[in-house]
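# Structure at a glance
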Amino acid sequence: MQRPDEEPTTFTVLVTGANSGLGFAICCRLIDEFLATRPRSQSLRILHSTRDAPKSEDTSRRLRDHLRKSIRQSNGSLTTSESRVKIEGVLVDLTKLRTVKTLAEQLLDRGDVLDAVIWNAGLAGWKGTDYLAGTWAILTNIIQATTYPEFMIPSIGLLAAPQTPTGTKSVQQTGANDEPKLGQIFLSNVFGHYLLTHWLAPLFRPSSRIIWTSSTSAVPPYFNIDDIQGINVHAAYESSKRLTDLLVLTSELPSTKSYVQKLLVPHESAQETAEFPSTPKMILTHPGIVATPLAAQNWFMQFWMVAALYLARWLSSPWHPIDPYKGAISAVFAALSPAYQLPELEVQDGKGKWGSATGVYGEERVARTEVEGWGYCGVVGKIPAGSVTTGRWAGRKDVDKESREEFEEQGRRVWREMEELRLEWEARLR
């Protein structure tokens, strides 16, 4: 068995939602930082997911163009360096579980080990913007308004289409879906990735990293523990990100161990020892606030929104990378940092939410982010070095023993419910 601190000859990363915005920027930054930090004896394989073949081909072409441009600008050897990076598109629509299963089966048939997966794809579920409320919020508290926006108009009650032939037939014959409800945003942002994690588990090393993308807006008011799918909540996107926080941050606690082990079936060659746990590590990241197509603004409003984001940064907001490439730093750090760095930091100081922070002039860095009920590391009163303590959510409360226990209990409950859903849908998809 390969030890977790041994570097593979080929480092393979799967990135979902890679055709635009943050996902594409993550792939570009993976290329740049891998070539800059890893020895020439190692190569990088990027598997980037999109929903259809034309997008996949276009994404591959643009990534190869970025690779060539980066090598030229660094005065490197084009032939030698380019051969170290392999770019391949794969297809998946996370709102259609059969395509999720198909992708998993394709990768399992190939048998290539996955050193990291970056679960980035997702839907926002917004149908518009309350421009009046947004303008007022920006004028009265621009940092809060642009970091924790409350002026997006959500679509409430969005449901996914039928996932099985039986469900499709039922809709055609009766107009009603006889399958259990699946929230569309929940499916695309969380559950599709959750099932993919389980189905790909045989391809993980003990040292592999499962990187989830969260958000600054993953705050408690948007989440209802009795509706983890966020079907009836006011903002399903924010609910899905709070759910992501709960799942990942509690994934190494004794209270969730039985559920996590069922999800992360150990690699067949892994043996659990005191020194090297047999399951891969889940890591929680967020990109800060970046200007991506997720916001779906018209060009005029997009211009003024980006201007507001820059103004917030110039007023010392720590969470405004704006440029998706800068926002990608936390996910890429989570994927490529050596074992003695990020994993060791979490062993020493506690499990954290790693965000893409910037200074006034846009110099990006990775920093711990406060999570309501968890704090910076899951330890009451502890603020490890490298934590950002400015620009925090206005509704925050200091973590105490009671709120920390409540966070863990919610984490245990959502893990249990996610496992129940997984088993149910695996049976339906057979």
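To be clear, the structure that these remarks concern was listed above.
These notes cover the structure that comes with them. The numbering scheme is per chain: residues are counted from 1 as the chain's sequence reads. Per-residue local features of the predicted model are confined to residues with pLDDT of at least 70, and side-chain atom pairs are confined, for both listing and counting, to 80 or more; whole-chain, interface and lining totals are unaffected and use all residues. Processing note: side-chain calculations cover all non-hydrogen atoms of the structure and skip hydrogens and water entirely.

Next up on the list: unusual backbone geometry. Negative phi values dominate among residues other than glycine, just as trans dominates among peptide bonds. You will see that Ser316, though not glycine, has its phi angle at about 80°, which is positive. In this structure, Ser316 sits in the loop between α11 (299-314) and α12 (324-327). Helix and strand assignments follow DSSP, with helices taken as H or I runs no shorter than four residues and strands as E runs no shorter than two, numbered in order from the N terminus.

To continue, consider the sheet that holds strand β8 (residues 281-286). Here we have eight strands laid out as an open sheet, ordered β3-β2-β1-β4-β7-β8-β9-β10, and mixed in their pairing. Both edges of this open sheet fall to β3 (85-91) and β10 (364-369), since each of them pairs with a single strand only. Sheet twist, expressed as the mean angle between neighbouring strand axes with direction ignored, is 25°. Strand pairing is assigned whenever DSSP detects at least two bridges linking the two strands. When strand β9 (residues 353-358) meets β10, the two strands line up antiparallel, connected through six bridges. In this analysis, axes come from line fits to C-alpha atoms, helices being fitted only over the stretch in contact, and the angle between any two N-to-C directions falls in the range 0 to 180 degrees.

Right, let's get into the pattern of salt bridges. Salt bridge criterion: a side-chain nitrogen from Lys or Arg within 4 Å of a carboxyl oxygen from Asp or Glu. For the structure on display, the rule yields 30 salt bridges. Taking the shortest distance from any N to any O, the salt bridge between Asp58 and Arg61 comes out at 2.5 Å. Taken together, the residues Asp58 and Arg61, both in helix α2 (residues 53-73) and three residues apart, mark about one turn of the helix. The salt bridge involving Glu417 is made with Arg413; its shortest N-O contact spans 3.0 Å. One end of the pair is Glu417 and the other is Arg413, both in helix α15 (residues 401-428) and four residues apart, which spans about a single turn. Note on Arg413: relative accessible area 25%, which makes it partly exposed. One continuous salt-bridge network, built from bridges that share partners, spans Asp58, Arg61, Arg62, Asp65, Arg68 and Glu82. Each residue gets one of three labels from its accessible area relative to the maximum for its type: buried under 20%, exposed over 50%, partly exposed in between, using a 1.4 Å probe on protein chains only.

A word on the packing of aromatic side chains. Side-chain rings of Phe, Tyr and Trp (the six-membered ring for Trp) are treated as a pair once their centres are within 6.5 Å; stacked means planes under 30 degrees apart, edge-to-face means over 60, and tilted covers the remaining angles. Taken as a whole and assessed by the stated rule, the structure comprises nine aromatic pairs. Seen in terms of ring centroids, Phe186 and Phe191 are 5.6 Å apart; in terms of plane orientation they differ by 10°. Their pairing is stacked. Ring geometry for Trp374 against Phe407: centres 5.4 Å apart, planes inclined by 45°, an arrangement best described as tilted. With Trp374 in the loop between β10 and α15 and Phe407 in helix α15, the pair connects residues that are 33 residues apart, well separated along the chain. Phe407 sits in the buried class, given a relative accessible area of 2%. Among the aromatic side chains, those forming a connected cluster through ring pairs are Phe186, Phe191, Tyr194 and Trp415. Here the guanidinium or amino end of Arg38 rests over the ring plane of Phe11, the centre of that ring lying 5.1 Å away. Here Arg62 stacks its cationic end above the ring of Phe24, 4.2 Å away from the centre of that ring. In our convention, an over-ring charge means Lys NZ or Arg CZ found within 6 Å of a ring centre and within 35 degrees of that ring's normal.

Time to look at the nonpolar core. Buried together is how nonpolar side chains tend to be arranged in soluble globular proteins. We define a nonpolar core as any set of buried Ala, Val, Leu, Ile, Met, Phe, Trp, Tyr and Cys residues linked to one another through side-chain atoms lying within 4.5 Å. Leu14, Leu97, Phe191, Leu200, Trp212, Leu243 and Met418 are the most contacted members of the largest nonpolar core, which totals 54 residues. Counting residues per element, the ones that place at least two in this core are α4 (97-110), β4 (114-119), α8 (184-199), β7 (204-213), α9 (236-249), α10 (257-263), β8 and α15. Ranked by the residues each element gives to this core, the list is headed by α8, at eight residues. Note on definitions: a residue-residue contact is assigned when non-hydrogen atoms from the two residues lie within 4.5 Å. Leaving out residues up to four positions away in the same chain, Leu97 has contacts with Gln163, Leu182, Leu187, Phe191, Gly192, Leu195, Trp199, Trp425 and Leu429.

There is a patch of nonpolar side chains on the surface, built from Phe300, Phe303 and Trp304 and spanning about 360 Å² of accessible area. Tracing the sequence through the fold places Phe300 in helix α11. In this scheme, patches are assembled from residues that exceed 30% relative accessible area and form no salt bridge. Like charges are connected within 9 Å, while nonpolar side chains (Val, Leu, Ile, Met, Phe, Trp, Tyr) are connected within 5 Å. The method behind every accessible area is Shrake-Rupley, applied with a 1.4 Å probe, and residues are considered shielded solely by the protein chains displayed.

Turning to α8, a few remarks are in order. By the largest-angle criterion, Val190 marks the main kink of α8, which is about 40°. Of all 16 residues in α8, 15 are buried, a share of seventy percent or more. At every residue, the bend is computed as the angle between two fitted axes, covering the seven residues ending there and the seven beginning there respectively.

Working note: a packed helix pair is described by the angle between its axes plus the distance between those axes. Relative to each other, helix α1 (residues 21-37) and α2 sit at 35°, their axes nearing to 10 Å. In this structure, α1 crosses over α2, and the sense of that crossing is right-handed. Contacts between α1 and α2 involve Phe24, Cys27, Cys28, Ile31, Asp32 and Leu35 on the former and, on the latter, Thr59, Arg62, Leu63, His66, Leu67, Ser70 and Ile71. Polarity classes work like this: nonpolar for Ala, Val, Leu, Ile, Met, Phe, Trp, Tyr, Cys and Pro, charged for Asp, Glu, Lys and Arg, and polar for all others, with Gly in that last group. Residue composition of the contact of α1 with α2, grouped by class: eight nonpolar, three polar and two charged. By the definition used in this description, the sense in which the near helix is turned from the far one sets the handedness, with an anticlockwise turn below a right angle giving left-handed and a clockwise turn giving right-handed.

All right, on to the side chain of Ser49 then. Mapped onto the elements of the fold, Ser49 is located in strand β2 (residues 43-50). Those residues in contact with Ser49 that sit more than four places away from it in its chain are Val15, Thr16, Gly17, Ala18, Asn19, Val90 and Val92.

Turning next to the side chain of Ser43. Residue position: Ser43 is located in strand β2. The buried category is assigned to Ser43, whose relative accessible area is 11%. When near neighbours in sequence (up to four residues on either side) are disregarded, Ser43 contacts Thr9, Thr10, Phe11, Phe34, Arg84 and Lys86.

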